[in-house]
Amino acid sequence: MMRRPRASTANAVNCKVVDSDLSFSQTLSTDEDPEEWRPPEPKPKAPSKTARATGEKKAVAKKTTKPKEAKAPKEPKAPKLPKEPKLRAPRKSTAGRKTQAAKSLKDSQASGLAGMKRKEVDGDFREDTEGTQTDFPVEERAAEESGTSVRMKEERLSFIVSEAHQSDRRAGEGSSRAGLGVKKEEVEEEDFTFDKPCLKKQKTSASWKGQPTTLPPSEAQSLRNDLNMNWDLIEVLSHLTCVEQWVCANIVTLLREENTVPFMVRYRKEMINHMDADAVRDVHMVYEELCSLAKKTQSVIQALKKDGVLTAELERNLRSCRSADELDHVYSPYKKGSKLTKARRAKALGLEEAASALINTPHTLDLRAWVKPGAEGLSSVDDVATGVEHILADMISKDPETLTYVKTLCENSFVTIQSSVSKSALKEKEEKSAQGQKSKPGAEHKKNKDIDKFHLYFDFTCNIQRIQPHQTLAINRGESLKILTVKVNIPDGVKRDFTRWCINNRWRPKTFARKELHAIIRNAVEDSYKRLILPFLTRSYRTKLTTAAEKESVVMFVRNLRQRLLVCPVRGCVIMGVDPGFRHGCKLAVLSPTGQILHTDVVYLHNSNQQSEAEKLRHLMLKYSCNRIAIGNGTACRETESFFADLISRHYFHPLDVSYCITNEAGASIYSVSPEAVKEMPDLDPNLRSAVSIGRRVQDPLAELVKIDPKHIGIGTYQHDVSAGALKAALNGVVQECVSFVGVDINICSETLMRHVAGLNMGRARSITEWREQNGPFINREQIKLVKGMGPKSYQQCVGFIRINPQTLSSVRLSSKPTPEEREKPAAKKAKGKTGVNIPTSFNPLDQTCIHPESYHVAQRFLSLVGGSVDQIGSASLKHCVESKVKTSGVEELARTVDTTPETLKLIIDGLTQPPGFDIRQNFGQADFKRGIVSMSDLQVGAVLTGRVDNTTLFGAFVDIGVGRSGLIHKSNITLDKLPVSQRRRSLVLGPGERVEVRVLNVDLQRGQIGLDLIRVLQ
């Protein structure tokens, strides 16, 4: 879009500074972004020709983007702002009083100066910036291809008060500001790297696929008024998520109609502008947060009204809050149980009128008239002046314009977060070291070890815009353990500029004021900044950093879990699951190709009777023709692997060609004692259930892992440091997404797996299982309507993800033949709850596809158009007919012919041409089976190996290279040039299960650490 013209060295360095902020600028707000912008010339207030020329350049670039952006240059409708040139002159002296345009111009200049200042101060980061600036043309081209909208960037200029955003727009209407404004927004959008998780939003804001589906005006108005706040729900939602307003309105409407995320992503693509599940889930989460904020605001207003302290101004301030942090700031002085604030005590003395007079009519104010000898707080002129100062300080700290200005100053300054070892932890550590060997090595040693874990943060300082999410979470954990003390450092220059602006502009008396009254105002401003505003800013920064870091961590969990669930199943072979152990032996479970338990046993491979145990293993392998072994990666894994590798190398299982794999057994022990495991395997020992789970994880990872709480699967990092509710909701959402998109065969699917299908829950899944037991297999999708508790909405949401496989249908019919009496029982039940429902009893071939029943008539029309029939679904002949028709006519023309949308037609084409039993997981990697073993001591620096990503964290990726210990590819070694083109714009890049080629950088045998460098991703 508009990035190509910017190619100067200075801008490239600046981009890198922004780029290093992986989460703060993307999620919290773009309040910090202006700091990163530097004007191309040292004097931005110089003649407007340069800016005008720049604006024309950018306007040309905008023509290649979507239609909405093309309207941006037409914003200045009339030369209605002749004051702007005048406002430029007094910018240095901050003399422009209460003028938003002047303020925004000043912010622009401060932004440039702060950027230059930061380059000097932030010396320890400069080397990294300069060293990698050559990578940015690649990222700029990638960003350009994605077509990120200018409108989206405009919406992200402010994180709190809408006046700031609107003032920037008003100030930018003049032609002299247009070019400058565009440049500022553009630099902000350069803020990304390969692992920034907001690219999915950029995609939705880029290419316009189809026409916007807008809401009726009445429905749109009801959405806006529903929360009863002083801001527009759709506008704020669009601003926070960087998604177009029409898309946000559609998503909110779909959510209110109880549509699930998988259903929207697959069957309502045109309404959500082809957004993926993560992007829709993000909008959903922000929408719920706004609803929660509105609900909390309403309860606060009711409480204040009940206490009799609610005023019209206070209610307006409360309803203008856009975050829980703002709401708490406004509400905290009025909370029950909190001590009476200085301002409220002064107001109780009746000094509010004097404070108002000090600003509005100071020439009439005589403080001596308020003196009441003998009255506490009013006994002298000094007491009255102090009370007026407290009231004024309170007014300053809650004024939206003042808060916006001080935040802008902070954005343009070098604000840092600093952590140091706490005095108590340091004292405790010194005491332990002084005691030496006299102390007991138990819990005390562990505590000392915990302190040492945070040694990186004992003297840590970082710009808040550069701090990484894992650093934020580590600092928070150290602070909660009382090992670290943390503070936010705001430069003294902010206080100086803030005080000057307040005295000369915002809180300047409207008429003549005597010297002593000016002193009161100055004291009130300084007191407000030190006592009220500074703590608020500190809390705000800490909250935003923590929120962004938690979001990054949750995104990491979601991606890792999706990769783990979508591992390709190993079908058609007998597998032996092995839960290794020393003293209690290795637990074995031999499983049939369909996961049925054929045999369980315990062998003791690590004692003196190894030969007899090996004979037992060979007997089991030959008896059940088992040629695949899945070994859990827990205790004794390495020794058990060596034992099997030795047997395989000696061809001990001949004539079988046996191979083994190591699989993650995280959560298997917890599952083995869970009620679900007891219900599924009631007669089996819990230890043997673990072996069964390990084997089934290789056979069908999705079906087995959904039985386990996602947080026990061993993915991601810092799971105990993030919001448990947000993590659980996100992980449950991705489980539902994976299960739904893979699809389930309703006639053989377990109840546990079925409850994760979109639209179903535990009760409906149980009802489906009971119906299946009483009536036999489902013959078609229409019969699902007969299930108890299955209403029209539930049916609509789930039916597209449910399959009726003709092969399993026939096999289930043969294996279970209900008696006539059993068939008659549910008939009466059907009539009881589903009267008048006419359900066909024949098999419909479309029921084995991903096509939704609501589109069956369209599919029939399309088949007639191409000259095919439903009996040919998945055949090569039908695929050839469809492809030739699409090639000659095009999808859009065919969609118009059959009266549907292109998105729906594409889905129908996929459903008709995919082979029977198609599984989307076949495109993902399988478990790696091997026959030999390599030890860590065999590794040499510089050796090139292949491996599979085992886990991804916020600081890098752990790769299993087959030596018993995973190596770490640090995030600095995962660069764009090493990735396939398709992954360069994908968030977090590497995920569990991906095969990579790596180079060994270092091997630390003592600490068991392996450093790796990524060479390429294998496809």
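Everything numeric here is computed off the predicted structure, so don't read it as measured data. (Residues numbered from 1 in each chain as written. Predicted model: local features only at pLDDT ≥ 70, side-chain atom pairs only at ≥ 80, totals over all residues. Heavy atoms only, no water.)

Undergrad: Looking at this model, I keep getting lost on the overall build of the chain. Mind explaining?
TA: Counting secondary structure elements, the chain contains 45 helices and 15 strands. Within the chain, the proportion of its 1019 residues that are buried is 53%. Sequence-distant contacts in the chain: of pairs separated by 6 or more residues, those separated by 24 or more amount to 74%. As presented, the chain carries roughly 46500 Å² of accessible surface, and 52% of it is formed by carbon and sulfur atoms. (Helix = DSSP H or I, 4+ residues; strand = E, 2+ residues; numbered from the N terminus. Buried < 20%, exposed > 50% of the residue type's maximum accessible area, 1.4 Å probe, protein only. Contact = heavy atoms within 4.5 Å. Areas by Shrake-Rupley, 256 points an atom, 1.4 Å probe, with all protein chains shown as cover.)

Undergrad: Looking at this structure, I do not really get the nonpolar core. What am I missing?
TA: General note: in soluble globular proteins, nonpolar side chains tend to be found buried as a group. Counting residues in each nonpolar core, the largest one holds 101 residues, and the members touching the most others are Met275 and Leu318. The element contributing the most residues to this core is helix 18 (residues 277-307), with 12 residues. The next biggest cluster of nonpolar side chains, apart from the first, holds 62 residues, and it includes Ile451, Val494, Ile521 and Ala524. (Core = buried A, V, L, I, M, F, W, Y, C linked by side-chain atoms within 4.5 Å.)

Undergrad: Please clarify how the packing of helix 27 (residues 469-480) against helix 29 (residues 515-565) should be interpreted in this entry.
TA: What describes two packed helices is the angle between their axes and the distance between those same axes. For the pair helix 27 and helix 29, the least separation of the axes is 8 Å and the interaxial angle reads 115°. Considering how the two elements wind past one another, helix 27 and helix 29 form a crossing that is left-handed. Note on element contacts: helix 29 touches helix 27 through Arg542, Leu545, Thr546, Ala549, Glu550, Glu552 and Ser553, opposite Pro469, Thr472, Leu473, Asn476 and Glu479. For the contact of helix 27 with helix 29, the per-class residue count stands at four nonpolar, four polar and four charged. (Axes fitted to C-alpha atoms, helices over the stretch in contact; angles between N-to-C directions. Left-handed = near helix turned anticlockwise from the far one by under 90°. Nonpolar A, V, L, I, M, F, W, Y, C, P; charged D, E, K, R; others polar.)

Undergrad: When you look at the sheet that holds strand 6 (residues 597-603) in this model, what are you seeing that I'm missing?
TA: Hydrogen bonding along the main chain pairs the strands of a sheet, whether they run parallel or antiparallel. Taken together, five strands build an open sheet; the order of strands is 6-5-4-7-8 and the sheet is mixed. Since the sheet does not close on itself, it has two edges, and those belong to strand 6 and strand 8 (659-663), each with one partner. Between one strand and the next, the sheet's axes are offset by a mean angle of 20°, whatever the strand orientation. Two strands pair when backbone bridges link them, and strand 7 (residues 628-632) and strand 8 are joined in this way by five bridges, in the parallel orientation. Considered in strand 8, the bridge of Arg628 is made with Ser659. (Pairing = 2+ DSSP bridges.)

Undergrad: Looking at this structure, I do not really get helix 23 (residues 381-397). What am I missing?
TA: Residues three or four positions apart in an α-helix share a direction because the helix packs 3.6 residues into each turn. The end-to-end C-alpha distance of helix 23, which contains 17 residues, comes to 24 Å, matching closely the 24 Å that a straight helix rising 1.5 Å per residue would cover. Most of helix 23 sits inside the fold, with 12 of its 17 residues counted as buried. Three or more residues of helix 23 are buried, namely Val384, Ala385, Gly387, Val388, Glu389, His390, Ile391, Leu392, Ala393, Asp394, Ile396 and Ser397. Where helix 23 is buried, its residues contact helix 20 (324-331), helix 21 (342-348), helix 22 (352-360), helix 24 (400-411), helix 28 (492-506) and helix 29. (Expected span 1.5 Å × (residues − 1).)

Undergrad: Please explain helix 20 as it appears in this structure.
TA: Counting buried positions along helix 20 yields six of eight residues, so the element is predominantly enclosed. In this structure, the buried residues of helix 20 make contact with helix 18, helix 19 (312-319), helix 23, helix 24 and helix 29.

Undergrad: Which parts of the structure should I look at to understand the pairing of strand 14 (residues 995-1004)?
TA: For a regular strand, side-chain orientation follows a simple rule: the groups alternate between the two sheet faces. Both strand 11 (residues 944-953) and strand 14 contribute to a ladder of five bridges, which runs antiparallel. In the strand pairing of strand 14, Arg948 is matched with Arg995. The pairing of strand 14 with strand 15 (residues 1009-1017) spans eight bridges and is classified as antiparallel. Paired with Asn1002 across the bridge in strand 15 is Gly1011. Between strand 14 and strand 15, which pair antiparallel in sequence order, lie four residues; one of them, Gly1008, sits at a positive phi of approximately 65°.

Undergrad: Just checking my understanding: could you explain the packing of helix 18 against helix 29 for this structure?
TA: As a packed pair, helix 18 and helix 29 sit with axes 13 Å apart at the nearest point and diverge in direction by 145°. Two packed elements cross with a definite hand, and for helix 18 against helix 29 that hand is right-handed. For the pair helix 18 and helix 29, contact is made by Asp278, Arg281, Asp282 and Met285 and by Lys551, Val558 and Arg562, respectively.

Undergrad: How should I be thinking about the environment of Ser659 in this particular structure?
TA: Structurally, Ser659 can be placed in strand 8. Put simply, Ser659 and Cys626 are 33 residues apart on the chain and 9.9 Å apart in space, counted from C-alpha to C-alpha. Only 3.3 Å separates the side chain of Ser659 from the side chain of Arg628, close enough to count as a polar contact. (Polar contact = N/O pair within 3.5 Å; in protein donor to acceptor, adjacent residues only side chain to side chain.)

Undergrad: Just to check I follow, could you spell out the packing of aromatic side chains for this structure?
TA: We describe a pair of aromatic rings using the distance from one ring centre to the other and the angle between the two ring planes. Counted under the stated rule, the structure contains 10 aromatic pairs. Aromatic pair Tyr405 and Trp501: ring centres 4.1 Å apart, planes at 10°, arrangement stacked. Placement of the pair is Tyr405 in helix 24 and Trp501 in helix 28, with a sequence separation of 96 residues. A relative accessible area of 1% places Tyr405 in the buried class. Ring geometry for Phe955 and Phe958: centres 6.3 Å apart, planes at 85°, overall edge-to-face. Through a chain of ring-to-ring contacts, three or more aromatic side chains come together here, namely Phe263, Tyr267, Phe741 and Phe801. Its guanidinium or amino end placed over the ring of Trp507, Arg506 lies 5.0 Å from that ring's centre, counting from NZ or CZ. Positioned above the aromatic ring of Tyr652 is the side chain of Arg618, whose terminal nitrogen or guanidinium carbon lies 4.5 Å from the ring centre. (Phe/Tyr/Trp six-rings, centres within 6.5 Å; stacked < 30°, edge-to-face > 60°. Lys NZ or Arg CZ within 6 Å of the ring centre and 35° of its normal.)

Undergrad: Can you walk me through unusual backbone geometry in this structure?
TA: Note on backbone geometry: most residues besides glycine have negative phi, and most peptide bonds are trans. A cis amide bond links His654 with the next residue in sequence, Pro655, at an omega value of 15°. Within the secondary structure layout, Pro655 lies in the loop between helix 31 (637-649) and strand 8. Even without glycine at this site, Glu258 takes up a positive phi of about 65°. In this fold, Glu258 is placed in the loop between helix 16 (245-256) and helix 17 (261-267).

Undergrad: I would appreciate a short explanation of the pairing of strand 8 in the present structure.
TA: The buried count for strand 8 comes to four of five residues, which makes it a mostly enclosed element. Tracing the backbone out of strand 7, into helix 31 and back to the parallel element strand 8 gives a crossover that is right-handed. (Right-handed = clockwise from strand over helix to strand, strands pointing away.)

Undergrad: Can you help me understand the side chain of Gln699 in this one?
TA: The residue Gln699 is located in helix 34 (residues 686-699) in this model. Residue Gln699 is classed as buried on the basis of its relative accessible area, which comes to 6%. Ignoring any residue separated from it by four or fewer positions in sequence, one finds Gln699 in contact with Pro569, Val570, Cys573, Ile575, Leu591, Ser592, Pro593 and Gly595.

Undergrad: Got a minute to help me understand the environment of Leu365 in this structure?
TA: Counting through the fold element by element, Leu365 comes out in the loop between helix 22 and helix 23. Leu365 gets classed as buried once you look at its relative accessible area, which sits at 5%. The spacing of Leu365 and Leu517 is 152 residues in sequence and 8.9 Å in space, taken between C-alpha atoms. Every residue in contact with Leu365, bar those within four places of it in the chain, is listed here: Ala354, Ala357, Leu358, Trp370, Arg514 and Leu517.

Undergrad: Before we go on, may I ask you to explain the pattern of salt bridges in this structure?
TA: Pairing between side chains becomes possible if they bear opposite charge and their charged atoms approach one another. In this structure the tally under the stated criterion is 35 salt bridges. With its nearest N and O atoms 2.5 Å apart, the salt bridge here joins Arg477 to Asp721. Of the two residues, Arg477 is situated in helix 27 and Asp721 in the loop between helix 35 (701-705) and helix 36 (724-742); the sequence distance between them amounts to 244 residues. Salt-bridge contacts for Arg638 lead to Glu641; the nearest nitrogen and oxygen are separated by 3.3 Å. Taken together, the positions of Arg638 and Glu641, both in helix 31 and three residues apart, correspond to about one turn of that helix. Judged by its relative accessible area of 23%, Arg638 falls in the partly exposed class. Among the ionic contacts, a cluster of salt bridges with common partners joins Asp278, Arg281, Arg562 and Glu737. (Salt bridge = Lys/Arg side-chain N within 4 Å of Asp/Glu carboxyl O.)

Undergrad: It is not clear to me how the side chain of Thr408 should be interpreted in this structure. Could you clarify?
TA: Relative to the assigned elements, Thr408 resides in helix 24. Polar side-chain contacts of Thr408 include one of 2.8 Å to the backbone oxygen of Thr404.

Undergrad: Whenever I open this one, the sheet that holds strand 1 (residues 416-421) confuses me. Can you help?
TA: What the three strands build is an open sheet, ordered 2-1-3; its pairing is antiparallel. One side of each edge strand has no neighbouring strand; the edge strands of this open sheet are strand 2 (459-463) and strand 3 (484-489). Going from strand to strand, the sheet's axes swing by 15° on average, the running direction of each strand aside. With six bridges connecting them, strand 1 and strand 3 associate as antiparallel partners. Across the sheet, residue Gln418 finds its bridge partner in strand 3, namely Lys487. Against the sheet, helix 27 touches strand 1, strand 2 and strand 3, its axis set at about 125° to strand 3.

Undergrad: Would you mind showing me how to read the environment of Leu979 here?
TA: Its location among the elements puts Leu979 in the loop between strand 13 (967-970) and strand 14. Taking the relative accessible area as the measure of exposure, Leu979 reaches 5% and is therefore buried. Considered as a pair, Leu979 and Leu990 are 11 residues apart in the sequence and their alpha carbons are 9.3 Å apart.

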